[in-house]
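Take a look at the letters that make up each chain.
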Amino acid sequence: MAEENINQLQQVMRDKLAALQEDGRDPFQITKCDVTHHSSDILENYDELEGKTVTVAGRMMTKRVMGKASFCKLRDLKGDIQSYVARDNVGEEDYKVFKKADIGDIYAITGEVFKTKTGEISVHAAKIVLLTKTIQVMPEKFHGLTDTDMRYRQRYLDLIMNDEVKDTFIKRSQILHEIRTFLDGQGFMEVETPMIVENAGGAAARPFTTHYNALNEDRNLRISLELYLKRLIVGGLEKVYEIGRVFRNEGTDGRHNPEFTLMELYQAFTDYHGMMDLTENMFRYVAEKVCGKTLIPYQDVEIDLGKPFERITMIDAIKKYANIDFNEIKDDAAAKALAKEHHIEFEERHKRGDIISMFFEEYVEEHLIQPTFVMDHPIEISPLTKKKPDDPSLVERFELFIYGREMCNAYSELNDPIDQRERFAAQEEAFAAGDEEANHTDQDFLNALDIGMPPTGGIGYGIDRLVMLLTNQPAIRDVILFPTLKSLESK
């Protein structure tokens, strides 16, 4: 629709509003509406509600005026409901206002539930009240809101026009509810930890920085929840979890948004095997509760969350999919030579463990479609993880992959304060050598470890990716209500 035509229509809408206000019918003076039923309540319980009086409220999505009687459809949280509006039932003045209604106006309708001659369940209006007057032209009904950038920028409009979008975010809320229900049933305690921190540690990522005026000090937005939650394990809270936003100063793509929802949990007196069991049980539980099944359609495949998840070491996975055995690659020089042979780029500071991780990303990840725990990572890429007793070059860590994507990351947590100091020192060296994502030393966290942390299993889940899986959405922006976008002014 041409911009000039839109401007003309908007002016007509404003004129209608002004006329209503002059007539003492200003909809914005109405403060409440006693809704008795949503659309689905009526559609699903017609036998009980037939002939009974209900009050529904919602946005008018269609209107068909036929002289002294008309039909319209209101859209509320749970769907659409038709109403039959006749002048002789609602009164001449209210019907006159209704006839001038625009698509997008919000109405309350009170009346009896009945079926039309065509069998459509409807509300026979006895009273109709304009609650909110729109002064913006709604997208054309047959083509809807399809511009992707506009959908993300004007999510409110996206939710109005696209039922499947609304369903996705309702399901997201259900997923979070069921996660909490599951963990609460396991004896976990939900906590909250700081978002603005001195040291943004616990992950390999660049933080956003800010300045705290009152203290005249620079601060970071957290990139992880880990280090504060471990302090609580030291303090004797044996099972803790947090669901919260974290912030990583990186680009955006189908799987990444700089601001995203992370859940981390920590459990004393267990290890990464315990975290695998908990994860498998939780994914299965949430799928059953939210989707009603454990065989989940995702894009072009079906993901089976009902079967036991595969468990494989990172080195064995590389051997399986790339036919390369890093057990035979003993030192950094041999690993770098192998990387050159396979055209895998690396930096001089990288070690054997870093190159193992690069080979895994290059040759393995895309093959991990069904749920797979990849275990026993190199120590170089796991600065907060306990070493494997039988091979100190590896750590007790796993990542869960589904559809080639990392879904969570878990450790047997490092609780040796002397070892942790050495790992932080190595991270500081890596930062000095140019690794902007390296961890910095957190002295207070080291002090907590000096006091003593019991053997602990910990894990972090990307909530947005789990929602993508369970709602069959291809991109992370489709499951974040307001994703990060470049401002219109700078485009």
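For the structure, see preceding data.
All of the points below concern the structure found in this document.

Rules of the game
Residues numbered from 1 in each chain as written. Predicted model: local features only at pLDDT ≥ 70, side-chain atom pairs only at ≥ 80, totals over all residues. Heavy atoms only, no water. Helix = DSSP H or I, 4+ residues; strand = E, 2+ residues; numbered from the N terminus. Buried < 20%, exposed > 50% of the residue type's maximum accessible area, 1.4 Å probe, protein only. Contact = heavy atoms within 4.5 Å. Lys, Arg positive; Asp, Glu negative; His and termini not counted. Charge placed at Lys NZ, Arg CZ, Asp CG, Glu CD. Arc of directions from axis to C-beta. Pairing = 2+ DSSP bridges. Salt bridge = Lys/Arg side-chain N within 4 Å of Asp/Glu carboxyl O. Phe/Tyr/Trp six-rings, centres within 6.5 Å; stacked < 30°, edge-to-face > 60°. Lys NZ or Arg CZ within 6 Å of the ring centre and 35° of its normal. Expected span 1.5 Å × (residues − 1). Core = buried A, V, L, I, M, F, W, Y, C linked by side-chain atoms within 4.5 Å. Polar contact = N/O pair within 3.5 Å; in protein donor to acceptor, adjacent residues only side chain to side chain.

1. Observations regarding the overall build of the protein
Then, in step 1: The number of helices and strands found in the protein is 16 helices and 20 strands.
Then, in step 2: Residue burial in the protein is summarised as follows: out of 491 residues, 49% are buried.
Then, in step 3: When contacts within the protein are restricted to residue pairs at least 6 apart in sequence, long-range pairs at least 24 apart make up 65% of them.
Then, in step 4: With 61 positive and 87 negative side-chain charges, the protein shows a spacing of 7 Å between the two charge centroids.

2. Focus on helix H5 (residues 92-99)
Then, in step 1: Listed as buried for H5 are Tyr95, Val97 and Phe98. Viewed along the axis of H5, the buried residues span an arc of 160°, placing them on a single side of the element.

3. Overview of the sheet that holds strand E7 (residues 196-197)
Then, in step 1: Spatially, 3 strands are ordered E7-E9-E8 in an open sheet, and the strand pairing comes out antiparallel. One side of each edge strand has no neighbouring strand; the edge strands of this open sheet are E7 and strand E8 (209-212).
Then, in step 2: Relative to strand E9 (residues 217-221), E8 runs antiparallel, the two being bridged by 4 bridges. The residue bridging Thr210 from the neighbouring strand is Arg219, located in E9.

4. Quick word on the pattern of salt bridges
Then, in step 1: The final tally for this structure, using the stated rule, is 35 salt bridges.
Then, in step 2: In this structure, Asp163 engages Arg75 in a salt bridge whose closest nitrogen and oxygen atoms are separated by 4.0 Å. A residue pair is termed long-range when its members are at least 10 positions apart, and Asp163 in helix H8 (residues 163-185) and Arg75 in strand E2 (residues 69-76) qualify at 88 residues.
Then, in step 3: Among the ionic pairs, Glu242 bridges to Arg222, the shortest N-O distance being 3.1 Å. One end of the pair, Glu242, is in strand E10 (residues 239-247); the other, Arg222, is in the loop between E9 and helix H9 (226-234), with 20 residues separating them in the sequence. As far as the burial class goes, Glu242 and Arg222 line up, both buried.
Then, in step 4: A cluster of three or more residues bridged by salt bridges with shared partners is formed by Lys16, Asp102, Asp105 and Lys133.

5. What about the sheet that holds strand E14 (residues 310-313)?
Then, in step 1: What the 8 strands build is an open sheet, ordered E6-E10-E11-E20-E19-E18-E15-E14; its pairing is mixed. Each edge of the open sheet is held by one strand with a lone partner, namely strand E6 (189-190) and E14.
Then, in step 2: Bridging between E14 and strand E15 (residues 372-375) involves 4 bridges; their strand directions are parallel. Paired with Thr313 across the strands is Met375, a residue of E15.

6. Some remarks on the packing of aromatic side chains
Aromatic ring pairs are defined here through the distance separating the ring centres and the angle between the ring planes.
Then, in step 1: Tallying each qualifying case throughout the model produces 12 aromatic pairs.
Then, in step 2: Taking 6.4 Å as the distance between ring centres and 70° as the angle between the ring planes, the aromatic pair formed by Tyr84 and Phe114 counts as edge-to-face. Taken together, the residues span a long stretch of sequence, with Tyr84 in strand E3 (residues 79-86) and Phe114 in strand E4 (residues 106-115) at a distance of 30 residues.
Then, in step 3: The exposure class assigned to Tyr84 is partly exposed, which follows from its relative accessible area of 22%.
Then, in step 4: Taking the relative accessible area as the measure of exposure, Phe114 reaches 21% and is therefore partly exposed.
Then, in step 5: Ring centres of Phe326 and Phe359 lie 5.2 Å apart, and the angle between their planes is 70°; this geometry places the pair in the edge-to-face category. Of this pair, Phe326 sits in the loop between helix H11 (314-322) and helix H12 (332-341) while Phe359 sits in helix H13 (residues 352-363), placing them 33 residues apart in sequence.
Then, in step 6: Residue Phe326 is classed as buried on the basis of its relative accessible area, which comes to 0%.
Then, in step 7: Of note, Arg231 hangs over the ring of Tyr228, and the distance from its end group to the ring centre comes to 4.5 Å.

7. Focus on H8
Then, in step 1: The end-to-end C-alpha distance of H8 is 33 Å, a good match for the 33 Å that 23 residues give at a rise of 1.5 Å each.
Then, in step 2: Those residues of H8 lying buried are Val165, Lys166, Thr168, Phe169, Arg172, Ile175, Leu176, Glu178, Ile179, Phe182 and Leu183.
Then, in step 3: Where H8 terminates, the next one or two residues include Gly187, which has phi positive at roughly 85°.

8. Quick notes on the nonpolar core
Then, in step 1: Counting residues in hydrophobic clusters, the biggest one holds 43 residues, and the most contacted among them are Ile179, Leu183, Met263, Leu265 and Phe398.
Then, in step 2: With 9 residues, helix H10 (residues 272-291) is the largest single contributor of residues to this core.
Then, in step 3: Apart from the residues within four sequence positions on either side, Leu183 is in contact with Phe188, Tyr241, Met263, Leu265, Leu278 and Met282.
Then, in step 4: With 24 residues, the next largest nonpolar core counts Leu74, Val85, Tyr107 and Ile121 among its residues.

9. Observations concerning the side chain of Asn162
Then, in step 1: When you line up the elements, Asn162 lands in the loop between helix H7 (155-161) and H8.
Then, in step 2: Sequence-distant contacts of Asn162, defined by excluding residues within four places in its chain, comprise Leu145 and Arg151.

10. Overview of the pairing of strand E11 (residues 259-268)
Then, in step 1: Across the 10 residues that make up E11, a large majority, 9, are buried.
Then, in step 2: Note: E10 against E11, 9 bridges, orientation antiparallel. When the sheet's bridge partners are listed, Tyr241 is paired in E11 with Leu265.
Then, in step 3: Bridging between E11 and strand E20 (residues 456-462) involves 7 bridges; their strand directions are antiparallel. Along E20, the bridge assignment pairs Gln267 with Gly457.

11. Re the side chain of Thr313
Then, in step 1: Position of Thr313 among the secondary structure elements: in strand E14.
Then, in step 2: Among the polar contacts listed, one links the side chain of Thr313 to the backbone nitrogen of Asp316, at a separation of 3.0 Å.
Then, in step 3: Not counting residues up to four positions away in its chain, the partners in contact with Thr313 are Val374, Met375 and Asp376.

As far as function goes, none of this settles anything; it's purely spatial.
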